[in-house]
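Single-letter residue listing:
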Amino acid sequence: MKSRRLSVWNITWLLFAALYLLTPLWGTAEFSLETGTGRYGFDAYRTIVHDPAFRDSLLFSLKLALATVTVSATLLVPTVFWINLRFEEFRPLIDFIAVLPLVVPPIILTVGILRLFHSVIWLISGPQILALAYVVLALPFTYRTLDAGMRAVDFRTLTEAAQSVGASWPLILLRVVIPNVRFAILSAILLTVTLVIGEFTMASLMLFNTFPVYMEYIGETKANPAAALAMISFAFTWLTMLGVLLVGHGAARRQIQIGGIR
Amino acid sequence: MVSVTQTRRDDPARASHDRHRARTLRWIPVLPFLLYVTLFLLLPTLWLAGGAFKTNSGSYTLEHVRKLFDPQYLNAYLTSVKLGLVTALGGGVSGIFVAYAMTREGAPRWIRTTFTSFSAVAAHFAGVPLAFAFVATLGSTGIVTVFLAHHGLNLYARGFTLFSFAGLALTYMYFQLPLMILVISPSFAGLRREWREAASNLGAAPIHYWRWVGLPILLPSFLAALLLLFANALGAYATPYALAGAQINLATIVIGSQISGELTYDPQFADALALGMMVIVAVCLALYALLQRRSARWLR
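Residues numbered from 1 in each chain as written. Chains lettered and ligands numbered in written order. Predicted model: local features only at pLDDT ≥ 70, side-chain atom pairs only at ≥ 80, totals over all residues.

A.B. asks: Quick question: what am I supposed to make of the overall build of chain A here?
C.D. replies: For chain A, the helix and strand inventory stands at 13 helices and zero strands. Along its sequence from the N terminus, chain A presents helices and strands in the succession α-α-α-α-α-α-α-α-α-α-α-α-α. Seen through its principal axes, chain A has C-alpha atoms that stretch 75 × 70 × 30 Å. In chain A, the share of contacts with a sequence separation of at least 24, taken over all contacts with a separation of at least 6, comes to 80%. (Helix = DSSP H or I, 4+ residues; strand = E, 2+ residues; numbered from the N terminus. Contact = placed C-beta atoms within 7 Å.)

If you want it as structure tokens, here you go:
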């Protein structure tokens, strides 16, 4: 084998990517710390934190995330479990459906939902429609994460064991399935929360004041607080992604254990 | 258990009926899911196709679809598609080199971990905050703009703005590049060292290895990733909206203003515009399927 070290070509690309990915962050950080007096300070952050609309919109987005997570989990955990247990033939279809939200632009889904349900006032008038649609937008991430988690566990044996001691299906889901894929569920939750907290298209076109909609509004009027918001949002994304990574490590460690037992 | 098997053996008709019943029953647990995606994903999308051909009073018309070909709207589509192609190829090609550099042997482990986790963050860091970040970087008083102006290159005097095609493309690359890195690096990790060693033992130069082994293996995932990136850029709404408001002529922005604008409100035409976009996505998917089959043949 030839050189085991990185070539100049490799290093150039890595440096380019690092520079390109870090510079906007640096710019945003600097912008958010400008006070207009030529000195740096936390004025922009103070403005944001003291704005009641900041708290309201963030709280609203978090509630939406909670609703989305609840519906997603209730819908997907039993479905993915069943596919892995008894219904492998169904997998190609659900695989296909689950990538659709990645190729269908969210704005098309927004227009479609607004048009399809426009006479169903009770559904379309409240934030519930947003949560229901976010379940679809999150589907590619939630399905994949849950499926990967479930594949790693031998549910056939576990289910047979549970059934032989007389457990019902709801009990199996609650006491066998969920505890065994808790890491996957946690990853899926974190990914969903990231998505919901950052989603702008649907929320703005359906006229709800979520966190990104508030952020966009601030951006139209105040430049430095907007940069501060971008930093806050970046920190939040970073935290949730770090969570996904850590949870992933936890899941990996668990899998090795299972392999050892078998 | 024993008695069940016996009845089945005794009565083949009944056994087949049971099997059939079991097969039907298996569908029951997935019905809620199917109902859900039908209601909130498939029906809304298909509904547009119908709405595009209807007038406000409900009769059928081709007027909306014809209007799509007005220069203003045609241009919006063209710009969106061009933006999708340029950033998918730009992000795709640079992403592949970065992914190769970080996964190849000899690269320290921390490089790979850092790039992967940072890419995961950056790929999710799209939309409104991304637009602000680029205003702070390449806006008229952004740090890079100021830095370059100090060194004799005044971007804005040369006609660059963040709201131009180039500005948008540079901004989009911020989520395209990390997405490519995330999607393609597992495929690089799948290239076994033994294959390269075998090739070089047989006297193949690196270029031969890539032409006959590396690229054919990577090609299907590369194509899939390109499609993903293209769809990603084509459907972007939050980023251009937060950057330039409703002024910029992109397909998504035009659709948005048709359903939310006060002066431009025309939901039926929004259906037609959305349908146009669906057609573009469908053409890409078909092209992708075709290329995928080609590349599968090339593999053999």
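A.B. asks: Please clarify how the overall build of chain B should be interpreted in this entry.
C.D. replies: The secondary structure content of chain B amounts to 14 helices and zero strands. A compact globule built from 300 residues would reach a C-alpha radius of gyration of about 19 Å, whereas chain B, at 26 Å, exceeds it by more than 25%. Summarising its shape, the C-alpha atoms of chain B cover approximately 90 × 75 × 30 Å along the three principal directions. A burial count over chain B gives 37% of its 300 residues as buried. (Rg over C-alpha atoms; globule rule 2.2 N^0.38 Å. Buried ≥ 20, exposed ≤ 12 C-beta atoms within 10 Å, placed from the backbone.)

A.B. asks: Help me understand the domain arrangement of chain B, please; the structure alone is not making it clear to me.
C.D. replies: In many analyses, interface size is given as the accessible surface area lost on bringing the parts together. Taken domain by domain, chain B consists of domain 1 (2-44) and domain 2 (64-299). A C-alpha centroid distance of 43 Å is found between domain 1 of chain B and domain 2 of chain B. (Domains from an automatic or database assignment.)

A.B. asks: Honestly, the confidence of the model for chain A in this entry has me stumped. Any pointers?
C.D. replies: Note that predicted coordinates carrying low pLDDT should not be read in detail. Summing up the model confidence of chain A, the mean pLDDT is 88 and the portion of residues at 70 or higher is 94%. By mean pLDDT, the top-scoring element of chain A is helix α3 (residues 52-85) of chain A (95), and the lowest-scoring one is helix α13 (residues 223-261) of chain A (75). (pLDDT = per-residue confidence, 0-100.)

A.B. asks: Help me understand the packing of helix α6 (residues 109-124) of chain B against helix α9 (residues 165-190) of chain B in this model?
C.D. replies: Helices that pack against each other are described as a pair by the angle of their axes relative to one another and the distance between those axes. Residues and elements named next belong to chain B. Where α6 contacts α9, the axes come no closer than 8 Å and their chain directions differ by 135 degrees. Taken together, the axes of α6 and α9 are oblique relative to one another. The two elements α6 and α9 cross, and the hand of that crossing is left-handed. Residues Phe 115, Thr 116, Ser 119, Ala 120, Ala 122 and Ala 123 of α6 pack against Tyr 174, Phe 175, Pro 178, Leu 179, Ile 181, Leu 182 and Ser 185 of α9. Among the residues forming the contact of α6 with α9, the class breakdown is ten nonpolar, three polar and no charged. (Axes fitted to C-alpha atoms, helices over the stretch in contact; angles between N-to-C directions. Parallel < 35°, antiparallel > 145°, perpendicular 65-115°, else oblique. Left-handed = near helix turned anticlockwise from the far one by under 90°. Nonpolar A, V, L, I, M, F, W, Y, C, P; charged D, E, K, R; others polar.)

A.B. asks: Is there a simple way to explain the interface of chain A and chain B in this structure?
C.D. replies: Between chain A and chain B, the contact holds 64 residues from the first and 66 residues from the second. At 14 residues, the largest contribution of residues to the side of chain A that touches chain B is made by helix α1 (residues 8-33) of chain A. Broken down by class, the residue content of the side of chain A that touches chain B amounts to 46 nonpolar, twelve polar and six charged.

A.B. asks: Please explain the nonpolar core as it appears in this structure.
C.D. replies: Considering soluble globular proteins, one finds that nonpolar side chains tend to be buried as a cluster. Counting residues in each nonpolar core, the largest one holds 151 residues, and the members touching the most others are A:Ala133, A:Leu146 and B:Ala274. Two domains each provide a minimum of three residues to this core, namely domain 1 (2-44) and domain 2 (64-299) of chain B. (Core = buried A, V, L, I, M, F, W, Y, C linked by C-beta atoms within 7 Å.)

A.B. asks: Can you help me understand the confidence of the model for chain B in this one?
C.D. replies: Residue and element names in this part refer to chain B. Across chain B, pLDDT averages 86, with 94% of residues at or above 70. Looking at the elements of chain B, mean pLDDT is at its lowest for helix α1 (residues 2-10), recorded as 51, and at its highest for helix α5 (residues 71-103), recorded as 94. Of the regions scoring below 50 in pLDDT, residues 1-5 engages in zero contacts with residues more than four places distant in sequence or in other chains. Quick note on the complex model: pTM equals 0.88, ipTM equals 0.88.

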